[in-house]
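This is what each chain is made of:
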Amino acid sequence: MTDIKQIYETLGICPKVYELGEEIISSLDSRFGEIDRISEYNQAKVLHAMQKNRVNATHFAATTGYGYNDFGRDNLEKVYADVFHTEAALVRPQITCGTHALTVALSANLLPGDELLSPAGGPYDTLEEVIGIRESPCSLKEYGVSYRQVDLLEDGTFDYENIAKAINEKTKLVTIQRSKGYKTRPTFSVKQIGELIAFVKSIKPELIVMVDNCYGEFVETIEPSDVGADMTVGSLIKNPGGGLAPIGGYIVGTQKCVDRCAYRLSAPGLGQEVGANLGIMPAFYQGFFLAPTVTAGALKGAVFAANVYERLGFRVVPNSTESRHDIIQAVELGSAERIIAFCRGIQAAAPVDSYVTPEPWAMPGYDSEVIMAAGAFVQGSSIELSADGPIREPYAVYFQGGLTWYHAKLGILMSLQKLYEAGLVEL
Ligand SMILES: *Cc1c(COP(=O)(O)O)cnc(C)c1O
């Protein structure tokens, strides 16, 4: 034990901070056990899909140009479809990020005159411009797609009465975001999402339901695609890339919806047939293989953070004992100084760029200044240990990722160390 304490001192963690961390970890055995069991189940699920689709070395070959007959790419899409239990999947490096994947899914399946409904409050910040909630060239609004939103009730549950009223003859697609994103509402469980899907489809069976699954993959043993989502969408530089995918996004769902997504992503008539992989397949396959384990490490970090900061008197979402449906941990630190110190701690704990000092800046797509800490192998990857804090009320910092539990642990300890050194918390 003394050796571990010493190595943490070498990293800049004082004994007081270290000991508080150990005390908290010793109370988390059963939580961590549950996370490990989910991870074990999901590992088996991924392995089974890889075995069923006879993954072999030819699937790792690079293709160039048009990318016709790219067996590695096509087979990976079968693996994804099997893991998510869907008819089809689109998993591509040409999908540049999560926002892009969601944009493809929405714009492929909404036509002029259609209405998009968000029945569970506002969407992720970057989607405001995609939808046209904030004016932007090429928004869905500009193409004649209208938008309606029903906010959550006070207690964070779905407002079924007003959702029913909001569904009309124009309503075509319903978007549900699993993760809280930059909000302090609870993240929805897959079961809750399933209930909402059943409800909207009971009113209008032909509705297409899309779930923004960012940060949710492999946190539970089921996914939104298991409970009726027609499209489930996410980013490969979050959970399903396992930290190895250097770019990419996925859309899994019905053949009909995914076909349209492929036509939108490339071109009508071309669809899924084009899109060279440029040698990225080993990272996509291996990352997906590692994803259940990596996600579990990140979850342990989130649970640890919740317990540390709740102990110190801060409001944390989810709280220290709640069950988890995504890997994000929000901590309401109550001041800009604390957000900045927290993020500097996360940065200082990183394997890459540990010596740089993050500063708040006006990031494109966000409507307030944001400070971000990330010392990642893949730029902007948020399955790697990272923290974001929009500099606005309630001064909450959003912490996520960690390719290993031990790194996530160090990050949290270092955040606390920085707050402690600056006199912003008392231990
Ligand atoms: C990250 C995220 C997105 C957008 O993904 P980017 O890759 O940052 O474009 C959308 N929705 C949610 C809930 C997210 O967490």
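Described below are features of the structure shown in this document. Because the structure is a prediction, the values reported are computed rather than measured.

## Quick look at the state of the cysteines
Inference 1: Considering all chains together, one arrives at zero disulfides under this definition.
Inference 2: Unpaired in this structure, Cys97 has its nearest cysteine sulfur neighbour in Cys214, at a distance of 8.9 Å.
Inference 3: You can call Cys97 partly exposed: its relative accessible area is 31%.
Inference 4: Here Cys261 is not disulfide-linked; the sulfur of Cys257 is the nearest cysteine sulfur, at 6.6 Å.

## Side note on helix α8 (residues 190-203)
Inference 1: The first and last C-alpha atoms of α8 sit 20 Å apart over 14 residues, in line with the 20 Å expected at 1.5 Å per residue.
Inference 2: For α8, the complete set of buried residues consists of Val190, Ile193, Gly194, Leu196, Ile197 and Val200. Each buried residue of α8 lies within a common arc of 165° when the element is viewed along its axis, so the set occupies one face. Along α8, exposed side chains directed more than 90 degrees from the buried face belong to Lys191 and Ser202.
Inference 3: Structurally, α8 contributes buried residues whose contacts are with α7 (160-166), β4 (171-177) and β5 (208-212).

## Observations regarding unusual backbone geometry
Inference 1: Residue Pro318 is bonded to the preceding Val317 through a cis peptide linkage, with omega at -5°.
Inference 2: Position of Pro318 relative to the elements: it lies in the loop between β8 (315-317) and β9 (329-332).
Inference 3: Omega for the peptide link from Glu393 to Pro394 comes to 0°, which places this bond in the cis form.
Inference 4: With respect to the helices and strands, the residue Pro394 is situated in the loop between β11 (386-390) and β12 (396-400).
Inference 5: Residues other than glycine seldom take positive phi values, yet Asn69 does so here, at roughly 55°.
Inference 6: The backbone of Tyr395 sits at a positive phi, close to 55°, despite the residue not being glycine.

## Let's talk about the nonpolar core
Inference 1: Within the largest apolar cluster, 58 residues are counted, with the highest numbers of intra-cluster contacts made by Ile13, Phe304, Tyr309, Leu333, Phe342, Val397 and Ile412.
Inference 2: Counting residues per element, this core draws most heavily on helix α10 (residues 281-311), which supplies ten residues.
Inference 3: Discounting chain neighbours no more than four positions away, the residues touching Phe304 are Gly21, Ile24, Ile25, Leu28, Trp405, Lys409, Ile412 and Leu413.
Inference 4: With 26 residues, the next largest nonpolar core counts Leu106, Leu173, Val233 and Ile251 among its residues.

Rules used throughout
- Residues numbered from 1 in each chain as written.
- Predicted model: local features only at pLDDT ≥ 70, side-chain atom pairs only at ≥ 80, totals over all residues.
- Heavy atoms only, no water.
- Disulfide = S-S within 2.5 Å.
- Buried < 20%, exposed > 50% of the residue type's maximum accessible area, 1.4 Å probe, protein only.
- Helix = DSSP H or I, 4+ residues; strand = E, 2+ residues; numbered from the N terminus.
- Expected span 1.5 Å × (residues − 1).
- Arc of directions from axis to C-beta.
- Contact = heavy atoms within 4.5 Å.
- Core = buried A, V, L, I, M, F, W, Y, C linked by side-chain atoms within 4.5 Å.

Read these as spatial facts, not as claims about activity.
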